[in-house]
Amino acid sequence: MGSVTGAVLKMLLLLSTQNWNRVEAGNSYDCDDPLVSALPQASFSSSSELSSSHGPGFARLNRRDGAGGWSPLVSNKYQWLQIDLGERMEVTAVATQGGYGSSNWVISYLLMFSDSGWNWKQYRQEDSIWGFSGNANADSVVYYRLQPSIKARFLRFIPLEWNPKGRIGMRIEVFGCAYRSEVVDLDGKSSLLYRFDQKSLSPIKDIISLKFKTMQSDGVLLHREGPNGDHITLQLRKGRLFLLINSGEAKLPSTSALVNLTLGSLLDDQHWHSVLIQRLGKLINFTVDEHRHHFHARGEFSFLNLDDEISFGGIPAPGKSVSFPHRNFHGCLENLYYNGVNIIDLAKQQKPQIIAMGNVSFACSQPQSMPVTFLSSRSYLALPDFSGEEEVSATFQFRTWNKAGLLLFSELPLVSGGVLLFLSDGKLKLNLSQPGKLPSDITAGVGLNDGQWHSVSLSATKNHLNVAVDGHMASATPLLGLEQIYSGGTYYFGGCPDKSFGSKCRSPLGGFQGCMRLISISGKVVDLISVQQGSLGNFSDLQIDSCGISDRCLPNYCEHGGECSQSWSTFYCNCTNTGYRGATCHNSIYEQSCEAYKHRGNASGFYYIDSDGSGPLEPFLLYCNMTETAWTIIQHNGSDLTRVRNTNPENPYAGFFKYVASMEQLQATINRAEHCEQELTYYCKKSRLVNKQDGTPLSWWIGRTNETQTYWGGSSPDLQKCTCGLEGNCIDSQYYCNCDADWNKWTNDTGLLSYKEHLPVTKIVITDTGRPHSEAAYKLGPLLCRGDRSFWNSASFDTEASYLHFPTFHGELSADVSFFFKTTASSGVFLENLGITDFIRIELRSPTVVTFSFDVGNGPFEISVQSPTHFNDNQWHHVRVERNMKEASIQVDQLTPETQPAPADGHVLLQLNSQLFVEISAYFGSGSSVIYNFQENYLFSKNSSSHAASFHGDTKLSREMIKFSFRTTRTPSLLLFVSSFYKEYLSIIIAKNGSLQIRYKLNRYQEPDVINFDFKNMADGQLHHIMINREEGMVFVEIDDNTRREVHLASGTEFSAVKSLVLGRILEHSDVDQETALAGAQGFTGCLSAVQLSHVAPLKAALYPSHPDPVTVTGHVTESSCVAQAGTDATSRERTHSFADHSGTIDDREPLANAIKSDSAVIGGLIAVVIFILLCITAIAVRIYQQKRLYKRSEAKRSENVDSAEAVLKSELNIQNAVNENQKEYFF
């Protein structure tokens, strides 16, 4: 009954969530109207303008008036274009263009938003700083859908990069709709009290939704309580939200409160934050912005005895007494709903159910506070002081995560000294230095790097040195010997300028990174707008009008209980006492089985086992008995002999067994083992196991499946016998168990339970010891397991056409891959998984280099380990790679690991959608082609939307990595061709004389750069390997691992609007040079293998098409092998290996230790994969923990295709081999 009730409650909670979502998103339907085109000129503003015809009012999308767009006076990172939408609107998309008919466009930009025109907030996705990719030319439009949408009046575009051959130029459009809301402003002394009819509300259900914004870090947003201490409170504490629910037993804010949930951080930023609270019985959903906490309370919690009133903004009702300190909320509330009732609307209508306490207004005030962000350790703000007073004084507020940094330096002109105020180890230190005298020091505050706002007041006179932190005055020190102090110098906030400026400023602990606001000098507030406009002071690397602080520990990416701390730019994980190590406490320090410890040479003893590796389960202690087989021994509390009397079916005996590990840990250990067993000894005297009249069980046991089991030691589940029944030697041949003979003397049924799915035994029930002289006794042995199914496992791949398919690898937040390999091949891909833009790849780049490459949304990165000896020595080598939110790393054998810090920008989540597998090869018949269209893929990858079709996206390449192998005897041949919408292209061809040519044309008005390799005939029927790496104008080419060349291009540095990649014949007309045209008309006949253009794999897309791959195949293109020689049996060259059928060579002597893992606590499920691939004639072993259903193709059908397809190539090879003997002198 309880499960049914719980299911009903969950369904009701789901329905209420959907209803609330409809209310919240009610004005989001069809919210895509253009908002900018109809705005007046006054709605546009900018940091500067190049001329009156380049003003911000000309920045409308597709308009050509004026100079055709906005351009600032100077192109630098301090420029911005601002739009005033007139009122708060919901913005769902943005679009950008460059300046019409010019070379002015923005390559990337930031998007800011604000309600007031100051105190801006940067738009982010996935909790990461998100810079938008802009344009690659002046006229095409790039469109982005905003998820989530923005609700704001003002938008600001801040260019980050622009065309280096031009300047900043922008035209923009914004899409969205009107945003309706009800707002109330509370001043810290006011509140709203809502009284309602108690009968109309459910005591087990509450749904509360609201938005709030404030500059104060503390305050009560809502409170409801009852006569017996039951209450619900939502309280802001130090910028975080606490939901406190008490059923009357606990006294808040003690840790014994029944529910104490915390979400959010830095919520006192004067920006809107959304809150949703859903309570249905014991189920609680608590959501703040995009962060959500699900909670299921225990005990007597479903019913709360609460009064028929609830207060918002404080606890104003007389007679209310709470046991925790609190302040009233000071700020604005929006769209406040309590169980479907619009509270603010009732208050505006002055309904009797609402009592307004204090000063309540229905328009949100905008505090005139303008923050400034010090973005780097090189940032500074230099301000003059013209007051001429005999004192140095300044006040300001700051917030930061950094323990150290300069806050303020002020020169003392008359004495050649200075006042130095800085953070050191989270404490504030004030230092006065004078030539020839010991410095005077004051230390104040502690833990000031906690991300909270802290106020500082500084005063230095000839008699005293004072500093106050958060209103607390530090000790005042008399200044002896200092005759005069004048304030006529310069105040340096946050850092010092370069020494070339001649400043006396000094910063012993480096610059400050964080935010400041409310800066005043000598009692006068600093006008930061004047600073921004350049009319007051000077600065470097600042972001004025915005506090860019973010909490990098929310969410906490430290796994397994690791403690998160942070600085301004990164976070750190303290893994002490967690049992894990690594940058995010991801890697277990313990082995996963006794088998693994035995492999390391460990003797028998107690060991910690982490059965799921880097998964969510904690390690636990057990005993490993290292005999010829490594036995895992897991004890429990029922190992002693237990005697049972006086039981019957109405009064049964139940014995429970508690193990040293949790059931989840036991299950993981059992699943991993090859065999498990547990001895159950059952002694009986006139105590039966089964009622012989009706066959009902009188005693039974229960395992981890919580099912009743009536078979006993030595039997299998379906037989329901005992050992003697199987062996035919029971004391009474009528029965299958000795105890069922019902003898009046002791006998036993003892044996091993070995059906893994039912182990371990968790409970035994005995009901037949109530008769005279009836008695039973039992003893349960420890759980014993041996073997490791994931440790000994391998599959062989004997050609480059062999491959394994696995489900998509889910490693969004953190993942590790480990495997052993041995090979004689000089290169090859170990594993690869692709998304639309994201990918991971591990490969043997050369005989001495193993490379891990990946893309998380902002371009490919790669790290490599280089060995002094060769990896292709036919010996086992161990590879381990990891990618998490902090870094990527790779280690091979015992070589020094290589790491790559995680990129600051781009996708937080690794987003993959293809199968995990090894590259394949294809045979191209005469006239055939594979065309991969980037433009369609680009539009698909942006955002699906009704607008997508009306915008022309820009795919541009400033760098690419190209790899492939080929065999052919035809000249001329086109191996690969990349085209652009702007007549730019790359062609890789074999010319008529057999030379390899790489032709880059990156400027439509110039001739292509030609890189020519004429040292041999590349159409010699042999397998050749090509690798090309371009970084802007520099191109590195490697052929067959022995020929290398580096070339500087003259035609340009990037492709603009990349269109397609072609393998084989060029089917459509292209404006290319004569050699490329000739090769393109002939196409390619032969075999292509492992073709990659950065993360794109066109052969995979062609032979294994999936939804997002826009690929077209023409003519005869079939999966094949590029390494087979004439006469080789075709069926031996293509194999699709299934992990289940072991179609490759099985090696039961070599180890496979570790796996791909992904933390289920973060991504919802443990996924473990280890790939062990044998390239050419050796092996890599493969292991998958989550899904083991692999896709198999029909080998027979493919073999037929290969037989016919390669017949042409085989015959040509026989002829060509003879010709090559006569041509060697010419080509080498």
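Residues numbered from 1 in each chain as written. Predicted model: local features only at pLDDT ≥ 70, side-chain atom pairs only at ≥ 80, totals over all residues. Heavy atoms only, no water.

A.B. asks: Account for the sheet that holds strand E69 (residues 929-933), with residues named and values stated.
C.D. replies: The antiparallel open sheet is built from seven strands, whose spatial order is E74-E73-E72-E71-E78-E69-E80. In this open sheet, the two strands that pair with only one neighbour each are strand E74 (1009-1013) and strand E80 (1111-1114). The average angle at which neighbouring strand axes cross in this sheet is 10 degrees, direction not considered. Sheet analysis places E69 next to strand E78 (residues 1058-1064), joined by five bridges and oriented antiparallel. The residue of E78 that forms the bridge with Ser 929 is Gly 1064. (Pairing = 2+ DSSP bridges. Helix = DSSP H or I, 4+ residues; strand = E, 2+ residues; numbered from the N terminus. Axes fitted to C-alpha atoms, helices over the stretch in contact; angles between N-to-C directions.)

A.B. asks: So what's going on with the environment of Gly 548? Which residues, and what values?
C.D. replies: Mapped onto the fold, Gly 548 is located in the loop between strand E41 (542-544) and strand E42 (563-566). Look at Gly 548 and you get partly exposed, because its relative accessible area is 23%. Setting aside its immediate chain neighbours within four residues, Gly 548 contacts Arg 124, Thr 373, Cys 515 and Trp 568. (Buried < 20%, exposed > 50% of the residue type's maximum accessible area, 1.4 Å probe, protein only. Contact = heavy atoms within 4.5 Å.)

A.B. asks: Let's hear about the state of the cysteines: which residues, and what values?
C.D. replies: Summed over all chains, the structure comprises twelve disulfides. Paired through a disulfide, Cys 332 and Cys 364 show a sulfur-sulfur distance of 2.0 Å. Disulfide Cys 332 to Cys 364: torsion about the S-S bond roughly 100 degrees, handedness right-handed. Of this pair, Cys 332 sits in strand E22 (residues 330-338) while Cys 364 is found in the loop between strand E25 (360-361) and strand E26 (372-374), placing the two residues 32 residues apart along the sequence. One disulfide in the model links Cys 676 with Cys 785; its S-S distance is 2.0 Å. Residues Cys 676 and Cys 785 share a disulfide whose torsion about the S-S bond is about 110 degrees; that sign makes it right-handed. Taken together, the residues Cys 676 in strand E51 (residues 675-685) and Cys 785 in strand E57 (residues 783-786) connect sequence positions 109 residues apart. Residue Cys 676 is classed as buried on the basis of its relative accessible area, which comes to 0%. The exposure class assigned to Cys 785 is buried, which follows from its relative accessible area of 2%. (Disulfide = S-S within 2.5 Å.)

A.B. asks: Summarise helix H8 (residues 1074-1082); cite the residues concerned and give the values.
C.D. replies: Of all the residues in H8, the buried ones are Thr 1076, Ala 1079 and Gly 1080. Buried residues of H8 fall within an arc of 100 degrees about the axis and therefore sit on the same side. The inward-facing, buried residues of H8 contact strand E71 (973-980), strand E72 (985-990) and strand E73 (996-1001). Two or three places before Glu 1075, at the opening of H8, Asp 1073 has a side-chain oxygen 3.2 Å from that residue's backbone nitrogen. The first or second residue beyond H8 is Gly 1083, which carries a positive phi of 75 degrees. (Arc of directions from axis to C-beta. Polar contact = N/O pair within 3.5 Å; in protein donor to acceptor, adjacent residues only side chain to side chain.)

A.B. asks: Please provide a residue-by-residue account of the sheet that holds strand E27 (residues 380-384), values included.
C.D. replies: Pairing within the open sheet is antiparallel, and its seven strands lie in the order E32-E31-E30-E29-E37-E27-E40. Of all strands in the sheet, those with a lone pairing partner are strand E32 (440-444) and strand E40 (538-540), marking the two edges. This sheet shows a mean twist of 10 degrees between the axes of neighbouring strands, independent of strand direction. Bridge analysis of strand E29 (residues 405-412) against strand E30 (residues 417-424) gives seven bridges, and the strand direction is antiparallel.

A.B. asks: Any chance you could break down the side chain of Thr 632 for me, citing the residues and the numbers?
C.D. replies: Among the structural elements, Thr 632 can be located in strand E48 (residues 630-634). The residues contacting Thr 632, other than those within four sequence positions of it, are Cys 594, Leu 622, Tyr 623, Thr 669, Leu 783, Leu 784 and Cys 785.

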